[in-house]
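What follows is each chain in one-letter form.
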Amino acid sequence: MIGRALLLPALVAALAALPSGAQAPRTAGPAPAELAQEAASPGAPEPAVRSAPRTETGEPPDGDGPGVAAPGQRGPQAPAGGGQVVILPEGRDAPREGGDDEKVVAALSHNQVSITTTYSGSEIFVFGAVKRSRPARAERPDVIVTISGPSGPVTVRRKDRGFGIWANRESTVIDQAPAFYAVAATGPLDEILSATENLRHRVGLDLQVRAIGAASDVEDPESFREAVIRLMRVRGLYVEAPIEVDVIEDTLFATHVALPANIVEGDYIARVFLLNEGKVLDLHESIVGVRKVGLERWLYALSREAPLAYGLLALAVALAAGWGASEAFRALRR
Amino acid sequence: MLIYLPIAEVSVDALLILGLGGLIGVLSGLFGVGGGFLMTPLLMLIGIPPAVAVATGANQICASSFSGALAHWRRGTLDTRMGLILLAGGIAGSFLGVWVFELLGRLGQVELMVSLTYVLFLGVVGALMFVESLRALIRARTGAAPRIPKRKRTLAHKLPLKMRFPVSHLYISVIPPAAIGALVGFLSAIMGVGGGFIMVPAMIYLLGMPTSVVVGTSLFQIMFVTGVTTLLHATQTFTVDMMLALLLLVGGVVGAQIGAQLGMKLRAEQLRILLALIVLAVCLKIALDLAIEPSELYSLAPASAP
């Protein structure tokens, strides 16, 4: 949270500085990250450096900052320890059509979400810029930001009526369903993203929830799959549409994604797509580590690693509390 | 004030949980029931996963029944000897219950079986208790027949292996209490509750124990049953959420003390008619859930569950 609080003024300063002097982003001039660093007020240069993506020269801005890229590493394969921004090597996973040299640089307000005892949700601020080697085209660039939680199989059950009683009857397993998924975009997905590109990158929520081998055990697996999306939407874990990406001066973009209070632990992947006429020009991936910390971490680890000790501790706490209350009330009565 | 629960992996309002624990605690101290039959549905209602609700409920009930049992023990309204015999039967019964539960699990439809057992037992026990206590209340109101101190000679007086229970003023065979304990242990393994709502009327009507002693003795037995359940869940299903349990039991133990105090002010018939009404209400709710078409037919569960 501290990182985000410090970052916001830096970015606002960078945005404010734009109309007055800087044509830089429209040309092949300094990378926007450097721009942000220059434009930031002297009071807050540190956070801007910390989270800035790798610059064009490939020099990591700060050796031990949490948001620093390791050159050549790819997001999903990156070691899970800590949250680090990992920049895709140029050209990989980023099909560039017709020699269009547009790339996207992006960063997150924080790469680590700590679930403490009082955790009640948090917000991730995603921002970045379009980097060009030639003057910008006329049209506004389209940007899609997705954040997805750890994905895994989930069991769906359906109630049916039999003998006048509603009970679970059919059930199936949906092989792939992320624990959290949010999409933010500059416009409606079906307008800014072609169907093929959507399929290739699985951007739409509908493509994230997949049933591979479910066809055998139920008649209509599709309705079970839709039920997953519906139930997860109700819980606030699947978010689409209302969140938007703002684009400033055809170059800078920013959005924020709210993580609800009921998220699970794991590595969350943030993807930033740069699009033109439905095609993905560039893709940037980073990892947000969501971790339990402190007491939460300790209790969870104990319950998994030493369940007997955990159970005995739970009993001891229960008996101590029962005895304590009994004694306290006895003392009160006297 | 929101608190994140490490095992349930949800964020809940701490005050709501404290209040819930307190409410169950009052019932526990007042009636000698663990409150599991109320706790589990209420926890699920506020968004706790069912498995965590059952396991953590057991942990909380263990604490509140210990608190209540202590209060009764100090007042001399706990028949330890009777409690131990009930417990011996209860342990045997719960082993059998776990075995049957696994069998049902392999056949599927555990959830349905649990609901039907709830409806059946809550309905029968609640209705019997309601009718009996209403009759007693009317008798007391009209003043026609003051309670006859002489007790009916039940089956418990005829069977062999007789034992003296000084606290309950009984000289009966140990077979009926052991059988009741076994039945309760069996049901609690299947239904995931302490079984107080069955044990309390059984002790009053089948064994002829005085109501004042029944509550403490029931709590004594529940304390052990839920303790074992907590350990089993912690080591086998990993669903005991200590943070949730702590919140519930802080409310619960305080509530149990208040309940025990209240219990001394209310008359026995009034106590029983109140418990009967609560039992019937829960029974009706579960029956309606089975009969009315739910608004959402689908439900999600972790893929590892059968």
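Only a predicted model underlies this, so the values are computations on that prediction, with no experimental measurement involved.

1. Describing the overall build of chain B
Next, step 1: When helices and strands are counted, chain B shows 11 helices and five strands.
Next, step 2: Going through the 306 residues of chain B one by one, you find that 55% of them count as buried.
Next, step 3: The long-range share in chain B, meaning contacts at least 24 apart out of those at least 6 apart in sequence, stands at 76%.
Next, step 4: Surface summary for chain B: the accessible area is close to 13,200 Å², and the carbon and sulfur share equals 73%.

2. Let's talk about unusual backbone geometry
Next, step 1: Phi is positive for A:Arg202, close to 50°, though the residue is something other than glycine.
Next, step 2: Secondary-structure assignment places A:Arg202 in the loop between α5 (195-201) and α6 (205-208).

3. Quick word on the nonpolar core
Next, step 1: Core analysis: the largest hydrophobic core is formed by 68 residues, its most contacted members being B:Leu5, B:Ile48 and B:Leu122.
Next, step 2: Setting aside anything within four residues of it in sequence, one finds B:Ile48 in contact with B:Leu5, B:Ala8, B:Val10, B:Val12, B:Leu43, B:Ala53 and B:Leu244.
Next, step 3: A:Ile144, A:Ile174, A:Val272 and B:Tyr4 belong to the second largest nonpolar core, which has 57 residues in total.

4. Here we look at the packing of helix α3 (residues 50-74) of chain B against helix α9 (residues 211-236) of chain B
All names here are of chain B.
Next, step 1: One way to put it is that α3 packs onto α9 with a least axis distance of 7 Å and a crossing angle of 145°. Every pair of crossing elements has a handedness; the one defined by α3 and α9 is left-handed. Only Ser212, Val215, Gly216, Leu219, Phe220, Ile222, Met223, Thr226, Gly227, Thr229, Thr230 and His233 of α9 make contact with α3, whose side of the interface consists of Val54, Ala55, Ala58, Asn59, Ile61, Cys62, Ser65, Phe66, Gly68, Ala69 and His72.
Next, step 2: Taken together, the residues that form the contact of α3 with α9 break down as 12 nonpolar, 11 polar and no charged.

5. With respect to the UniProt feature "transmembrane region" (unreviewed entry) in chain A
Next, step 1: The positions UniProt marks with the feature "transmembrane region" (unreviewed entry) are residues 308-329 of chain A.
Next, step 2: End C-alpha to end C-alpha, residues 308-329 of chain A measures 32 Å, and it is 100% helix and 0% strand.

6. Considering the interface of chain B and chain A
Next, step 1: Opposite the 54 residues of chain B that make contact, chain A presents 60 residues.
Next, step 2: Between chain B and chain A, a total of about 4,900 Å² is buried, with carbon and sulfur atoms accounting for 64% of that surface.
Next, step 3: The largest contributions to the chain B side of the interface with chain A come from B:Tyr4, B:Tyr298 and B:Leu300, which together make up 17% of the buried area.
Next, step 4: On inspection of chain B and its partner chain A, the count reaches one salt bridge.

7. A few points about the pattern of salt bridges
Residues and elements named next belong to chain A.
Next, step 1: Going through the model one piece at a time under the given rule, you end up with four salt bridges over all chains.
Next, step 2: For Glu265, the salt bridge identified is with Arg297, shortest N-O distance 2.9 Å. Linking Glu265 in the loop between β10 (252-259) and β11 (266-276) with Arg297 in helix α8 (residues 294-305), this pair joins segments that are 32 residues apart in sequence.
Next, step 3: Classification of Glu265 as buried rests on a relative accessible area of 18%.
Next, step 4: Arg291 is paired through a salt bridge with Asp267; the nearest N and O atoms lie 2.9 Å apart. In this pair, Arg291 is assigned in strand β12 (residues 279-292) and Asp267 in strand β11, connecting sequence segments 24 residues apart.
Next, step 5: On the accessibility criterion, Arg291 (23% relative accessible area) is partly exposed.
Next, step 6: The partly exposed category is assigned to Asp267, whose relative accessible area is 26%.

8. Observations regarding helix α1 (residues 14-31) of chain B
Residues and elements named next belong to chain B.
Next, step 1: Over its 18 residues, α1 runs 26 Å from end to end, which matches the ideal 26 Å to within 8%, given 1.5 Å per residue.
Next, step 2: All of the buried residues in α1 are Ala14, Ile17, Leu20, Gly21, Gly22, Ile24, Gly25, Leu27, Ser28, Gly29, Leu30 and Phe31.
Next, step 3: Measuring from the backbone nitrogen of Leu15 back to the side-chain oxygen at the start of α1 gives 3.2 Å, which picks out Asp13 as the cap.

9. What about the pairing of strand β3 (residues 122-132) of chain A?
Sheet faces and side chains relate simply in a regular strand, where the side chains alternate between the two faces.
Residue and element names in this part refer to chain A.
Next, step 1: Burial runs high along β3: 10 of the 11 residues are buried.
Next, step 2: Here seven bridges tie strand β1 (residues 102-108) to β3, and the two strands are oriented antiparallel to one another. Across the sheet, residue Ala107 finds its bridge partner in β3, namely Phe127.
Next, step 3: Relative to β10, β3 runs antiparallel, the two sharing eight bridges. Paired with Phe127 across the bridge in β10 is Ala254.

10. Remarks on the sheet that holds strand β8 (residues 238-239) of chain A
Residue and element names in this part refer to chain A.
Next, step 1: Spatial strand order, β2-β12-β11-β4-β7-β8: six strands in an open sheet with mixed pairing. Of all strands in the sheet, those bounded by a partner on one side alone are β2 (112-115) and β8.
Next, step 2: In terms of strand pairing, β2 meets β12 through four bridges, oriented parallel. When the bridges of β12 are listed, Val113 appears paired with Val290.

11. Quick word on the packing of aromatic side chains
Residue and element names in this part refer to chain A.
Next, step 1: Throughout the structure, instances matching the rule amount to three aromatic pairs over all chains.
Next, step 2: Summarising the aromatic geometry, the rings of Phe125 and Phe127 are spaced 5.7 Å apart at their centres and angled 35° between planes, so their arrangement reads as tilted. Considered together, Phe125 and Phe127 belong to a single accessibility category, that of buried residues.
Next, step 3: Where Phe180 meets Tyr268, the ring centres are 6.1 Å apart and the plane angle is 40°; that geometry is what we call tilted. Of this pair, Phe180 sits in the loop between β6 (165-178) and β7 (181-185) while Tyr268 sits in strand β11, and the two are 88 residues apart along the sequence. Note on accessibility: Phe180 and Tyr268 belong to one class, buried.
Next, step 4: Above the ring of Tyr300, the side-chain terminus of Lys292 is found at 3.6 Å from the ring centroid.

Conventions we followed
Residues numbered from 1 in each chain as written. Chains lettered and ligands numbered in written order. Predicted model: local features only at pLDDT ≥ 70, side-chain atom pairs only at ≥ 80, totals over all residues. Heavy atoms only, no water. Helix = DSSP H or I, 4+ residues; strand = E, 2+ residues; numbered from the N terminus. Buried < 20%, exposed > 50% of the residue type's maximum accessible area, 1.4 Å probe, protein only. Contact = heavy atoms within 4.5 Å. Areas by Shrake-Rupley, 256 points an atom, 1.4 Å probe, with all protein chains shown as cover. Core = buried A, V, L, I, M, F, W, Y, C linked by side-chain atoms within 4.5 Å. Axes fitted to C-alpha atoms, helices over the stretch in contact; angles between N-to-C directions. Left-handed = near helix turned anticlockwise from the far one by under 90°. Nonpolar A, V, L, I, M, F, W, Y, C, P; charged D, E, K, R; others polar. UniProt positions renumbered as here; feature names shortened; annotations may be inferred. Buried area = accessible area lost by both parts, 1.4 Å probe. Salt bridge = Lys/Arg side-chain N within 4 Å of Asp/Glu carboxyl O. Expected span 1.5 Å × (residues − 1). Polar contact = N/O pair within 3.5 Å; in protein donor to acceptor, adjacent residues only side chain to side chain. Pairing = 2+ DSSP bridges. Phe/Tyr/Trp six-rings, centres within 6.5 Å; stacked < 30°, edge-to-face > 60°. Lys NZ or Arg CZ within 6 Å of the ring centre and 35° of its normal.

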